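Architecture and fold: a report
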Amino acid sequence: MHQLADRNTPFIANEWYVVAFAREVGRSLLKRTVLGRHIVLFRTAAGAAVALEDRCPHRSYPLSAGKLDGDDIVCGYHGLRFDASGDCIEVPSQPVCPKGVGVRAYPLIERGPFIWGWFGDRALADPAAVPSTPWLEGDRWTSSQDYFHLPGNYVSLHENLLDLTHLSYVHAESFGTPDYARAPYEVQAKEGHYRITRSVIPTRLPPVWAQPSNLLHDHAARIATSEFLSPGLHVVSATFYDNDLPPGTRPEFRIRTCHVPTPETHGSTHYFIVHSRDFALEDASVTAFMREQLMLAFAEDVAALSRLEQVLAGGAEEHYEISFASDAAAVAMRRHLKERALAETGAAADVRADS
Amino acid sequence: MHQLADRNTPFIANEWYVVAFAREVGRSLLKRTVLGRHIVLFRTAAGAAVALEDRCPHRSYPLSAGKLDGDDIVCGYHGLRFDASGDCIEVPSQPVCPKGVGVRAYPLIERGPFIWGWFGDRALADPAAVPSTPWLEGDRWTSSQDYFHLPGNYVSLHENLLDLTHLSYVHAESFGTPDYARAPYEVQAKEGHYRITRSVIPTRLPPVWAQPSNLLHDHAARIATSEFLSPGLHVVSATFYDNDLPPGTRPEFRIRTCHVPTPETHGSTHYFIVHSRDFALEDASVTAFMREQLMLAFAEDVAALSRLEQVLAGGAEEHYEISFASDAAAVAMRRHLKERALAETGAAADVRADS
Amino acid sequence: MHQLADRNTPFIANEWYVVAFAREVGRSLLKRTVLGRHIVLFRTAAGAAVALEDRCPHRSYPLSAGKLDGDDIVCGYHGLRFDASGDCIEVPSQPVCPKGVGVRAYPLIERGPFIWGWFGDRALADPAAVPSTPWLEGDRWTSSQDYFHLPGNYVSLHENLLDLTHLSYVHAESFGTPDYARAPYEVQAKEGHYRITRSVIPTRLPPVWAQPSNLLHDHAARIATSEFLSPGLHVVSATFYDNDLPPGTRPEFRIRTCHVPTPETHGSTHYFIVHSRDFALEDASVTAFMREQLMLAFAEDVAALSRLEQVLAGGAEEHYEISFASDAAAVAMRRHLKERALAETGAAADVRADS
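Just so you know, these numbers come straight off a predicted model, no measurement behind them.

Rules used in this analysis
Residues numbered from 1 in each chain as written. Chains lettered and ligands numbered in written order. Predicted model: local features only at pLDDT ≥ 70, side-chain atom pairs only at ≥ 80, totals over all residues. Helix = DSSP H or I, 4+ residues; strand = E, 2+ residues; numbered from the N terminus. Buried ≥ 20, exposed ≤ 12 C-beta atoms within 10 Å, placed from the backbone. Contact = placed C-beta atoms within 7 Å. Pairing = 2+ DSSP bridges. Expected span 1.5 Å × (residues − 1). Axes fitted to C-alpha atoms, helices over the stretch in contact; angles between N-to-C directions. Domains from an automatic or database assignment. Nonpolar A, V, L, I, M, F, W, Y, C, P; charged D, E, K, R; others polar. Least-squares fit on C-alpha atoms with pLDDT ≥ 70 in both. pLDDT = per-residue confidence, 0-100. Parallel < 35°, antiparallel > 145°, perpendicular 65-115°, else oblique. Left-handed = near helix turned anticlockwise from the far one by under 90°. Core = buried A, V, L, I, M, F, W, Y, C linked by C-beta atoms within 7 Å.

**Quick word on the overall build of chain A**
In terms of regular secondary structure, chain A is built from 5 helices and 17 strands. For chain A, the C-alpha atoms occupy an extent of roughly 80 × 50 × 30 Å along the three principal directions. Within chain A, the proportion of its 355 residues that are buried is 44%. In chain A, 58% of the contacts between residues at least 6 apart in sequence involve partners at least 24 apart.

Pasting the structure below:
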């Protein structure tokens with residue numbers, strides 16, 4: 001068995017994962033699968049987001065196929081009524097509702113653009129453990145939101161983000177440049193937190209950065225940091241400036257992108273993206289231009305990870321992979337995920353999921 | 001393991017099941033799957049319906065891809081000829097046909113609109129055990145036939161029919177009314193025969209019944225009985241009348257619907273429907289109106305049971321369901337199916353069919 | 001377990017199989033699956049055909065999704081460079097490329113229209129074992145090439161070819177004639193080489209042969225031989241002449257067809273066809289006419305074998321088949337395939353492949 005997490009590694013349940021953008025959840029029932037669990041999401045009349053198990057305890061009908069009535073869900077099969085805590089409060093065929101019947105409610109925390117959910121041991125659901133993204137809450141950054149349904153495992157997405165040498169190849173036609181793969185890098189790893197910084201200096205920026213920053217020459221600096229903050233959050237930060245100007249006097253342009261890989265099944269991932277910048281804050285045309293350019297690039301990742309998933313899922317047997325020095329952060333991250341998964345399951349069992 | 005039959009319970013072979021409407025079977029080869037068995041159906045020149053195993057014993061080619069020649073099937077691969085009893089009577093590549101070669105022929109009984117077949121132990125195939133539907137054979141009732149290919153297990157369909165509280169929810173837009181789920185009911189159960197009667201008095205009938213009976217007011221009576229008669233037949237009877245008129249003087253309107261769930265695979269069911277009424281016998285416009293209305297409603301069941309199947313088939317593990325008093329008939333029925341299945345297989349093995 | 005190979009029998013790896021027509025492989029990357037293995041094919045600048053394992057040893061990305069650069073493949077994910085022998089010769093993120101990293105290269109031999117590949121023990125890859133097809137290399141025969149992606153197992157295709165009684169049934173509408181199934185035949189079997197010859201004399205030829213040979217009457221001779229030469233090659237030869245003319249004086253017309261069944265998965269086969277004739281060598285209209293007629297007939301085989309595969313793959317349990325005298329060659333061939341498969345795997349394990 002591999003020491004490193006891969007698509008067959010059990011999910012890590014005791015962790016916060018983004019279940020939806022805040023704007024997605026409202027006064028209708030939203031069906032979603034997260035970590036292989038089927039849930040139904042909605043907001044109460046007072047605005048609180050709710051996540052319940054999407055399976056009636058009576059005859060297993062999906063509650064998401066029922067109706068939201070006030071703050072209750074009424075099952076679409078035999079009319080059992082559940083309140084926002086998941087308790088069954090009415091069985092229409094009888095005058096008295098039995099106690100102790102209900103569905104599981106999952107703890108949620110709404111913060112900025114995200115609704116975070118917890119699917120593990122409820123006693124461990126510490127709100128303080130929700131990864132911090134303070135720049136998404138003030139007004140010093142401007143953000144845009146996007147989503148991909150990624151037909152691949154979330155571990156592959158994290159690893160993709162921690163080895164940016166791929167920019168020169170996967171993104172050769174979009175925001176990669178040939179010098180990226182050979183640029184010097186620095187790795188920082190501490191338990192549960194993995195970071196790689198790559199400095200491409202001097203360089204010619206691709207249009208997505210060159211145009212809004214007006215750094216159109218070949219002596220720009222491009223310094224990018226990928227950070228694995230939790231199984232549910234990866235942040236890529238980048239700084240651009242004119243390398244011929246001295247520090248302090250030169251304008252610097254910063255972007256910060258939340259790459260949010262929420263496992264759906266072992267073979268698919270909800271890939272939420274929030275892209276933020278600290279310049280041209282009010283310029284909607286810059287937002288539109290960058291968003292268009294970035295989504296082209298991220299679609300290249302989705303295509304590549306989809307191809308990779310076909311190889312990984314189709315493998316009849318275990319297949320060892322070779323790693324290089326630049327993989328140090330990714331390898332440490334995957335070892336960490338594997339150890340956490342095994343610690344939770346208390347066993348060494350990998351799954352061979354066909355979904 | 002559950003005490004109650006569910007989608008993973010082995011099929012009950014020693015039972016009569018409808019394999020086709022009589023009108024479907026003629027002088028061409030009809031391929032069908034019943035209880036997971038592949039069969040080919042046709043009629044002899046004299047009009048007798050025949051069901052044979054759909055697999056040539058030579059090289060496994062489906063006989064249904066061959067040709068009907070007189071009362072014989074000629075295999076479409078190497079020309080082996082089978083008579084209506086399943087015996088191989090000619091091997092073209094040699095002058096003499098070996099004895100004892102053939103395919104299994106399944107006992108069939110044609111009665112009214114149905115052709116019933118037996119797929120279990122041939123010694124137990126008692127024609128007297130074909131469920132009785134005498135109203136389909138005289139001229140006191142008018143009937144129409146319909147069919148759904150249901151992407152769900154047959155047990156779920158039986159259970160759906162035995163808990164009509166679902167009318168208020170699944171059929172809220174068609175023939176359900178809000179008072180249905182709370183109406184008093186009476187359960188009768190004896191081994192192999194389960195019945196629930198629900199009296200909704202007074203009520204306002206939905207258009208499908210109100211219009212042809214002219215009971216357009218809010219003081220109608222609606223008394224419905226669901227009866228599980230065998231694993232292959234469920235009959236729902238209903239009586240409607242003006243509750244303000246005394247018994248004896250008032251006109252009463254009766255409908256009787258055969259719901260025929262023939263398992264195809266563990267995840268799919270042939271759902272034959274024969275709807276009969278004892279009024280407006282000659283009025284084709286009533287037939288057309290009721291049929292259109294009812295098919296809308298039964299399509300709602302098919303959609304609901306399809307959703308349910310996705311939950312049940314996707315369940316990685318056993319999932320216990322809670323039952324209420326109104327489930328008494330359904331629970332007894334499912335226990336009965338489970339016991340019969342286990343008695344036949346002589347083992348406790350459930351299947352996890354992926355089809 | 002069956003004594004005869006069937007769709008669940010492991011592939012025989014120590015054998016030459018056609019991986020592509022020579023014309024298919026050029027200066028771009030061609031992705032293909034053979035014996036369940038994923039490979040990438042290309043030609044070097046000097047024209048040598050190359051087959052490499054289609055999986056980067058670093059992070060499992062398919063090399064076929066990369067780029068051909070000179071005689072090297074550059075991986076499309078992180079830019080590792082592999083030469084035509086499969087050795088990794090560059091890792092962009094570091095100055096030195098580690099030794100001993102690479103992908104498997106498969107021995108290839110190009111001969112006439114075919115590129116043959118070897119996927120078993122490299123030490124056993126004897127070029128002399130490539131089946132001989134000398135008529136494809138001189139100028140005494142004219143040939144045409146075709147291909148079907150067959151949704152069925154390769155064993156079924158070999159067996160189809162060794163029992164030509166099927167011509168009267170599968171090909172009743174194309175090049176079969178009713179007398180074919182009952183014609184006398186002769187079987188020759190020696191280990192690894194199985195042959196059946198069928199003489200249909202006198203007969204009326206179907207248009208595909210009658211028209212180009214001008215043997216339009218009912219006293220033609222049609223002598224056909226099917227030969228299993230290896231798991232990867234089957235040749236069907238036929239001779240036609242006017243049976244009323246004495247030997248020596250009469251013109252004889254010969255065709256020879258390579259039927260090349262290369263296993264893709266257990267449920268699919270690359271079916272390469274090269275059809276040759278020794279008459280009307282320069283007449284392109286004869287080539288076009290025969291090719292059109294034959295492809296209609298071979299498409300009937302593909303349809304029949306596809307139906308058969310559905311039966312075989314859907315079988316929940318082992319199913320014994322009865323064989324007749326005319327199956328002697330096919331049965332010996334299947335026993336041979338089974339023995340070789342078991343000898344390679346050193347075990348009796350059949351597979352139940354779902355692909």
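Structure's up, so let's keep going.
**Looking at the sheet that holds strand β6 (residues 72-74) of chain C**
Pairing in this open sheet of 4 strands is antiparallel, and the strands run β5-β6-β7-β8 (chain C) from one edge to the other. Edge positions in the sheet fall to β5 (67-69) and β8 (88-90) of chain C, since each of these pairs with one other strand and no more.

**Some words on helix α4 (residues 284-314) of chain C**
All names here are of chain C. Across its 31 residues, α4 extends 44 Å between first and last C-alpha, which sits within 8% of the 45 Å expected from 1.5 Å per residue. For α4, the complete set of buried residues consists of Met290, Phe298, Glu300, Asp301, Ala304, Leu305, Leu308, Glu309 and Leu312. Along its buried surface, α4 packs onto β11 (142-150), α1 (154-162), α2 (167-170), α3 (207-213) and β17 (268-277).

**A few points about the pairing of strand β12 (residues 185-190) of chain B**
Residue and element names in this part refer to chain B. With 6 bridges connecting them, β12 and strand β13 (residues 193-203) associate as antiparallel partners. For lysine 190, the partnering residue across the bridge sits in β13 and is histidine 193. Linking β12 back to β13 in an antiparallel pair, the connection comprises 2 residues, with glycine 192 at a positive phi of about 85 degrees.

**Quick look at the environment of glutamate 137 of chain B**
All names here are of chain B. When you line up the elements, glutamate 137 lands in the loop between β10 (114-118) and β11 (142-150). What makes glutamate 137 exposed here is the crowd of 12 C-beta atoms within 10 Å. For glutamate 137 and arginine 111, which are 26 residues apart along the polypeptide, the C-alpha to C-alpha distance reads 8.2 Å.

**Concerning the sheet that holds strand β1 (residues 16-21) of chain C**
Strand pairs in the sheet, formed through backbone hydrogen bonds, run parallel or antiparallel to each other. Residue and element names in this part refer to chain C. Strand order in the open sheet made by the 3 strands is β1-β10-β9, with antiparallel pairing throughout. Edge strands, defined here as strands with exactly one partner in the open sheet, are β1 and β9 (108-111). Looking at each pair of strands side by side, their axes are set apart by 30 degrees on average, direction ignored. Pairing analysis gives 5 bridges linking β1 to strand β10 (residues 114-118), with the strands arranged antiparallel. Within β10, the residue paired with valine 18 across the bridge is tryptophan 116.

**Notes on the domain arrangement of chain A**
All names here are of chain A. For chain A, the assigned domains are domain 1 (16-121) and domain 2 (135-345). Every contact between the two is made by 11 residues of domain 1 and, on the other side, 12 residues of domain 2. Taken together, the elements giving at least two residues each to the side of domain 1 that touches domain 2 come down to β1 (16-21) and β2 (30-34). At 5 residues, β1 tops the list of elements feeding residues into the side of domain 1 that touches domain 2. A breakdown of the residues in the side of domain 1 that touches domain 2 according to their chemical character gives 8 nonpolar, 3 polar and no charged.

**Looking at the interface of chain C and chain A**
Taken together, the 17 residues of chain C in the interface contact 19 residues of chain A. Here the side of chain C that touches chain A is composed, by residue class, of 8 nonpolar, 7 polar and 2 charged.

**Quick notes on unusual backbone geometry**
Residues and elements named next belong to chain A. Residue proline 202 is reached from isoleucine 201 by a cis peptide bond, and omega for that bond is -10 degrees. By the secondary structure assignment, proline 202 is in strand β13 (residues 193-203). Although it is not a glycine, serine 60 sits at a positive phi angle of roughly 70 degrees. Residue placement: serine 60 occurs in the loop between β4 (49-53) and β5 (67-69).

**A few points about the relation of the copies chain C and chain A**
The two copies are related by a screw operation: chain C maps onto chain A through 120 degrees of rotation and 0.2 Å of translation along the axis, at an RMSD of 0.1 Å. Such values leave the two copies arranged in the relation of a three-fold axis.

**Here's the deal with the interface of chain A and chain B**
The interface is formed by 17 residues belonging to chain A together with 19 residues belonging to chain B. For the side of chain A that touches chain B, the residue count by class is 8 nonpolar, 7 polar and 2 charged.

**Some details on the pairing of strand β3 (residues 37-43) of chain B**
Residue and element names in this part refer to chain B. Counting buried residues in β3 gives 5 out of 7 residues, a clear majority hidden from the surface. With antiparallel pairing between neighbouring strands as the criterion, strand β2 (residues 30-34) and β3 make up a hairpin whose turn holds 2 residues, including leucine 35 at a positive phi of roughly 55 degrees. In this structure, the hairpin formed by β3 and strand β4 (residues 49-53) is closed by a connection of 5 residues, where glycine 47 is found at a positive phi of approximately 100 degrees.

**Notes on the environment of alanine 221 of chain C**
All names here are of chain C. Along the polypeptide, alanine 221 turns up in strand β14 (residues 220-230). By C-beta crowding, alanine 221 is classed as buried, having 20 other C-beta atoms within 10 Å. Each C-alpha atom of the pair alanine 221 and leucine 205 lies 8.2 Å from the other, and the pair is 16 residues apart in sequence. Discounting residues that sit within four places of it in the chain, alanine 221 has contacts with Ile201, Pro202, Phe240, Tyr241 and Asn243.

**Let's talk about the confidence of the model for chain A**
Taken over all residues, the pLDDT of chain A has a mean of 94, while the share at 70 or more is 96%. Overall fold confidence (pTM) sits at 0.93, and the ipTM for the predicted complex is 0.92.

**A word on the packing of helix α1 (residues 154-162) of chain B against helix α4 (residues 284-314) of chain B**
Between two packed helices, the angle of one axis relative to the other and the distance separating the axes together describe the packing. All names here are of chain B. Viewed as axis vectors pointing N to C, α1 and α4 meet at an angle of 130 degrees, and their least axial separation amounts to 10 Å. If you check the angle between α1 and α4, you find them oblique. As α1 runs across α4, the sense of the crossing is right-handed. Residues Ser156, Leu157 and Asn160 of α1 form the contact with α4, whose participating residues are Asp301, Leu305, Leu308 and Glu309. Residue classes in the contact of α1 with α4 are distributed as 3 nonpolar, 2 polar and 2 charged.

**Things to note about the nonpolar core**
If you look at the biggest cluster of nonpolar residues, it comprises 241 residues, and the most contacted ones within it are Leu41 and Leu52 of chain A, Leu41 and Leu52 of chain B together with Leu41 and Leu52 of chain C. Grouped together as the second largest cluster of nonpolar side chains are 6 residues, Trp209, Leu215, Ala221 and Phe240 of chain A included.

**Structural notes on helix α5 (residues 328-345) of chain C**
Residues and elements named next belong to chain C. For α5, which comprises 18 residues, the first-to-last C-alpha distance of 26 Å matches the rise-based estimate of 26 Å (1.5 Å per residue) to within 8%. Of all the residues in α5, the buried ones are Ala329, Ala330, Val331, Ala332, Met333, Arg334, His336, Leu337, Lys338, Arg340 and Ala341. Note on α5: the residue one or two positions beyond its end, glycine 346, has a positive phi of about 65 degrees.

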